[in-house]
Amino acid sequence: SPKAISPYIVCPLKFYFTSIARIRATEELADEIDNPMFGTILHKATEILYTPLKGIANNAEHLKQLLKGKRIEQAVEQAINEEFLNNKDASTEDYTGNMVLVKNIVSKYIRQSIIPYDIAHNDFAVMELEKRISDKFKLDDNREVLIGGYADRIDSLDDGNIRVVDYKTGSPHLSMDGIISLFEGQDRSRYGNILQTMIYSMVLNHTRQRNVYPALYYARNIGNEDFSPRLIDKGAKDDSGKRKKADNCEVDYATYAEEFEQNLNDKLNELFNFELPFRRCDEQEAENICKYCDFKTLCKR
């Protein structure tokens, strides 16, 4: 999965701790909703709301109907009850103050940002929601690795292409400095979301035989007038070798397929090479990569 591949790219030793030794950071039972659960509630609520729209083209009027009444708030409550409280019959009277706050924030993100964006850019039909996707990736020695995960949303676009949408609740990271920046360099730890959606794009490109546009719906920002969920390649150059303008650098998978898959191939061949140890990231990268790592004491950083 992308969540397993990303730690290896950032620091092979971290991958060893998490995926091989299966060491887990100490977790306390949460009485309140934490950041990962916040995202889970947003994902579940959007799944509930968008499921009736599957296969419907030109769905602006259907989306507008979602903005009427309390359907959004009811979907968020259902998500909290199922994903956090594990009690489908719970009511808002069972909520703590924090839960009420989370309900209001998630409802606001959906009502004021996600749905209005989709209404304004209504060139799609929802194909799949929370869809398990996977594909076999062949290594240099002909071994195959099954790669995939759960795509939040897969849209069929009016231009014949596919869009894979991933909902995010953190700070936006939508630009990369060329494909190589996802695999090398001190900033690679910041590109996990981009790597994830590029991997999903690769899988869909292979299995659906259509070009794919990777998109990250950052809930906090998608309501901004100038926001675009499309990935941007800051390192893109035109035929003369000059850098392109930002609005001409939107990423579609087919354009980057060969370079992306070669870099991914190199990393996976390295990962499955039993002659290579799971080493720490380079010393000069420690300040950026190790600062918030759960294992920095264990690896003596």
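Notes on the structure in this doc start here. Sequence order as written defines the numbering, with residues in each chain counted from 1. Note on the predicted model: pLDDT of at least 70 is required for a residue's local features to be given, and 80 or more for side-chain atom pairs to be given and counted; whole-chain, interface and lining totals, by contrast, use all residues. No hydrogens and no water enter the side-chain calculation; it runs on all heavy atoms of the structure.

**Section: helix α5 (residues 71-83)**
The criterion, for reference: Counting from the N terminus, the helices are the DSSP runs of H or I reaching at least four residues and the strands are the DSSP runs of E reaching at least two. A helix's residues, less one, multiplied by 1.5 Å, set its expected span. Relative accessible area decides the class of each residue, using a 1.4 Å probe on protein chains only: under 20% of the type maximum gives buried, over 50% gives exposed, and in between gives partly exposed.
With 13 residues, α5 extends 18 Å between its outermost C-alpha atoms, agreeing within 8% with the 18 Å of an ideal straight helix rising 1.5 Å per residue. Burial in α5 covers these residues: I72, E73, A75, V76, A79, I80 and N81.

**Structural notes on the nonpolar core**
Just so we agree on the cut-off: Working definition of a nonpolar core: buried Ala, Val, Leu, Ile, Met, Phe, Trp, Tyr and Cys residues. They are joined through side-chain atoms within 4.5 Å.
One finds Y50, I110, I147, L182, M198, F260 and L264 to be the most contacted residues of the largest nonpolar core, which totals 77 residues. By residue number, the principal contributor to this core is helix α6 (residues 97-120), which donates nine residues. C11, A286, C293 and C299 belong to the second-largest nonpolar core, a separate cluster that totals eleven residues.

**Description of the pattern of salt bridges**
Selection criterion: Salt bridge, as applied in this entry: a Lys or Arg side-chain nitrogen positioned within 4 Å of an Asp or Glu carboxyl oxygen.
For the coordinates displayed, the defined rule picks out 15 salt bridges. With a closest N to O distance of 3.4 Å, K64 and E61 form a salt bridge. Note that K64 and E61 are positioned in helix α4 (residues 60-66) at a spacing of three residues, about one turn of the helix. E250 is paired through a salt bridge with R230; the nearest N and O atoms lie 3.2 Å apart. Within this pair, whereas E250 is found in the loop between β6 (232-233) and α8 (253-271), its partner R230 is found in the loop between β5 (212-218) and β6, the two being separated by 20 residues in sequence.

**Focus on the side chain of N59**
The test is simple: We call two residues in contact whenever any of their non-hydrogen atoms come within 4.5 Å of each other.
With respect to the helices, strands and loops of the structure, N59 is situated in the loop between α3 (35-50) and α4. The contact partners of N59, leaving out residues within four places of it in the chain, are N122, F124 and A125.

**Topic: the packing of helix α7 (residues 192-208) against α8**
Which entries qualify depends on this criterion: Axis angles are defined between N-to-C directions and span 0 to 180 degrees, where every axis is a line fitted to C-alpha atoms and, for a helix, only to the segment in contact. Any angle that is under 35 degrees is reported as roughly parallel, and any over 145 degrees as roughly antiparallel; angles of 65 to 115 degrees are reported as roughly perpendicular and all others as oblique. Side-chain classes follow a simple rule in which Ala, Val, Leu, Ile, Met, Phe, Trp, Tyr, Cys and Pro form the nonpolar group, Asp, Glu, Lys and Arg form the charged group, and the remainder, Gly included, forms the polar group.
Orientation of α7 relative to α8, taken along the N-to-C sense of each, is 110°, at an axis distance of 10 Å. It follows that α7 is roughly perpendicular to α8 by the angle criterion. Contact with α7, carried on its side by L195, M198, I199, S201, M202, N205 and H206, involves Y253, Y256, F260, E261 and L264 of α8 and no other residues of that element. Here the residues of the contact of α7 with α8 are counted per class, giving eight nonpolar, three polar and one charged.

**A short note on the packing of aromatic side chains**
Convention followed: Each Phe, Tyr or Trp ring, with Trp reduced to its six-membered ring, pairs with another whose centre is within 6.5 Å; inter-plane angles below 30 degrees give stacked pairs, above 60 give edge-to-face pairs, and intermediate values give tilted ones.
Summed over the entire model, instances satisfying the criterion amount to eleven aromatic pairs. A centroid spacing of 5.7 Å and a plane angle of 55° characterise the contact between F183 and F260, whose relative ring orientation is tilted. Of the two residues, F183 sits in the loop between β4 (175-176) and α7 while F260 sits in helix α8, which places them 77 residues apart along the sequence. This pair shows no difference in class: F183 is buried, exactly as F260 is. Where Y253 meets F260, the ring centres are 6.0 Å apart and the plane angle is 80°; that geometry is what we call edge-to-face.

Without other data, these values stay purely geometric and don't point to any function.
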